[in-house]
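Read off the chains here:
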Amino acid sequence: SQLAEENLWALSVHEGESVTVNCSYKTSITALQWYRQKSGEGPAQLILIRSNEREKRNGRLRATLDTSSQSSSLSITATRCEDTAVYFCAPGIDYAQGLTFGLGTRVSVFP
Amino acid sequence: DTTVKQNPRYKLARVGKPVNLICSQTMNHDTMYWYQKKPNQAPKLLLFYYDKILNREADTFEKFQSSRPNNSFCSLYIGSAGLEYSAMYLCASSGQGRQDTQYFGPGTRLLVL
């Protein structure tokens, strides 16, 4: 069974709109990461949010973490076509042992 | 330079034949990872090297081998490829004091026929 899962397979938005990807996980964690994988590339880290943080921002990205409901969200504002990618969450305790990814949500941004 | 390189980018293999995939990084990272990604599935950790110590996941222990001749290079070896090995193979690395952040290569797409 998956340790983590994103709640939707795919989302589509138009440029300039906002989009939110949600993730739920099944165990206690010390942190949760969000990664983005564009076509033809490997995943790239976007945000790491620790269990004692409720919100973390990185430019147009905002991640939230709710440890009581074991869920996280990643919001992207003012989307651009280049935000088109698969977004993965990766909750963890000891990332040195490797990442455990959710299935991913494909976000498509159209002009 | 935070680049992780993988060779080849695409690999066609025959069932029963060996496959060797290569990964390199020049960030002096002490840990290198290999993940397998199949369509509509999450990337799955296969194994990782911490310095010279190899750690393999229990459910893939017998299917994949790896070597790390020096800090910069790491290989993933399949002794006898089966159809189920068709997937994207992603290499990643992380460095001392920053184990939280992994840098991924572009992946090698393996097709076994």
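Because the structure is predicted, anything quoted here is derived from the model rather than measured.

Asker: Where do I start with the pattern of salt bridges in this structure?
Answerer: Two side chains of opposite charge can pair, provided their charged atoms sit close to one another. Residues and elements named next belong to chain A. By the definition in use, this model includes seven salt bridges over all chains. The closest approach of N and O atoms between Glu-53 and Lys-56, which form a salt bridge, is 3.9 Å. Residue classification places Glu-53 among the partly exposed positions, given a relative accessible area of 23%. One salt bridge connects Arg-62 with Glu-55, and the closest N-O pair in it is separated by 3.0 Å. Taken together, the shared-partner salt bridges connect Arg-36, Arg-60 and Asp-83 into one network.

Asker: Please clarify how the sheet that holds strand S5 (residues 44-50) of chain A should be interpreted in this entry.
Answerer: Paired through their backbone hydrogen bonds, the strands of a sheet run either parallel or antiparallel. Residues and elements named next belong to chain A. Taken together, five strands build an open sheet; the order of strands is S2-S10-S9-S4-S5 and the sheet is mixed. Single-partner strands in this sheet number two, and they are strand S2 (10-14) and S5. Going from strand to strand, the sheet's axes swing by 20 degrees on average, the running direction of each strand aside. Of the strand pairs in this sheet, S2 and strand S10 (residues 105-110) are connected by five bridges, and their pairing is parallel. In the strand pairing of S10, Leu-11 is matched with Val-107.

Asker: What should I look at first to understand unusual backbone geometry in this one?
Answerer: Negative phi is the rule for most residues except glycine; trans is the rule for most peptide bonds. Here B:Asn7 and B:Pro8 are connected by a cis peptide whose omega angle stands at -10 degrees. Here B:Pro8 shows up in the loop between strand S1 (4-7) and strand S2 (10-13). One non-glycine residue, A:Ala78, lies in positive phi territory at about 45 degrees. By the secondary structure assignment, A:Ala78 is in the loop between strand S8 (71-76) and strand S9 (85-92). With a relative accessible area of 38%, A:Ala78 lands in the partly exposed category. Positive phi is not limited to glycine here, since B:Asn40 has a value of about 60 degrees. Along the chain, B:Asn40 falls in the loop between strand S4 (31-37) and strand S5 (44-50).

Asker: What is the right way to read the interface of chain B and chain A from this model?
Answerer: For interface size, the figure often reported is the accessible area lost on association. Each partner contributes residues to the interface: chain B has 19 residues there, and chain A has 21 residues. Here chain B meets chain A over a buried area of about 1500 Å², counting both sides, of which 56% is carbon and sulfur. By the criterion of area lost to chain A, the three top residues of chain B are B:Pro43, B:Asp100 and B:Phe104, representing 33% of everything that side buries. Here A:Arg50 makes a salt bridge to B:Asp100, at a shortest N to O gap of 2.7 Å. Going through the elements one at a time, S4, S5 and strand S10 (98-104) of chain B are the ones with two or more residues in the side of chain B that touches chain A.

Asker: How should a nonpolar patch on the surface be read in this particular structure?
Answerer: A cluster of nonpolar side chains, B:Leu12, B:Leu111 and B:Leu113, forms an exposed patch at the surface whose accessible area comes to about 280 Å². Checked against the element boundaries, B:Leu111 lands in strand S11 (residues 108-112).

Asker: What exactly am I supposed to notice about the sheet that holds S8(A) here?
Answerer: Residues and elements named next belong to chain A. With respect to topology, five strands assemble into an open sheet ordered S1-S3-S8-S7-S6, the strand pairing being antiparallel. Single-partner strands in this sheet number two, and they are strand S1 (4-6) and strand S6 (55-58). Each neighbouring strand pair of the sheet contributes to a mean axis angle of 15 degrees, computed without reference to strand direction. Here strand S7 (residues 61-66) pairs with S8 via six bridges, running antiparallel. For Thr-64, the partnering residue across the bridge sits in S8 and is Ser-73.

Asker: Would you explain the side chain of A:Gln37 in this entry?
Answerer: Relative to the helices and strands, A:Gln37 resides in strand S4 (residues 31-37). Only 3.0 Å separates the side chain of A:Gln37 from the backbone oxygen of A:Glu41, close enough to count as a polar contact. Sequence-distant contacts of A:Gln37, that is, excluding residues within four places in its chain, are made with A:Gly42, A:Pro43, A:Ala85, A:Val86, A:Phe88 and B:Leu90.

Asker: Can you walk me through the state of the cysteines in this structure?
Answerer: By definition, a disulfide links the sulfur atoms of two cysteine residues through a covalent bond. Per the counting criterion, the structure on display carries two disulfides over all chains. At a sulfur-sulfur separation of 2.0 Å, the disulfide partner of A:Cys23 is A:Cys89. Torsion about the S-S bond of the A:Cys23 and A:Cys89 cystine: about 65 degrees, corresponding to right-handed handedness. Placement of A:Cys23 in strand S3 (residues 19-25) and of A:Cys89 in strand S9 is noted, with a sequence separation of 66 residues between them. Residue A:Cys23 shares its accessibility class with A:Cys89, and that shared class is buried. For B:Cys23, the disulfide goes to B:Cys91, at an S-S distance of 1.9 Å. Torsion about the S-S bond of the B:Cys23 and B:Cys91 cystine: about -75 degrees, corresponding to left-handed handedness.

Cut-offs applied
Residues numbered from 1 in each chain as written. Chains lettered and ligands numbered in written order. Predicted model: local features only at pLDDT ≥ 70, side-chain atom pairs only at ≥ 80, totals over all residues. Heavy atoms only, no water. Salt bridge = Lys/Arg side-chain N within 4 Å of Asp/Glu carboxyl O. Buried < 20%, exposed > 50% of the residue type's maximum accessible area, 1.4 Å probe, protein only. Pairing = 2+ DSSP bridges. Helix = DSSP H or I, 4+ residues; strand = E, 2+ residues; numbered from the N terminus. Axes fitted to C-alpha atoms, helices over the stretch in contact; angles between N-to-C directions. Contact = heavy atoms within 4.5 Å. Buried area = accessible area lost by both parts, 1.4 Å probe. Patch = residues over 30% accessible without salt bridge, like charges linked within 9 Å, V, L, I, M, F, W, Y side chains within 5 Å. Areas by Shrake-Rupley, 256 points an atom, 1.4 Å probe, with all protein chains shown as cover. Polar contact = N/O pair within 3.5 Å; in protein donor to acceptor, adjacent residues only side chain to side chain. Disulfide = S-S within 2.5 Å.

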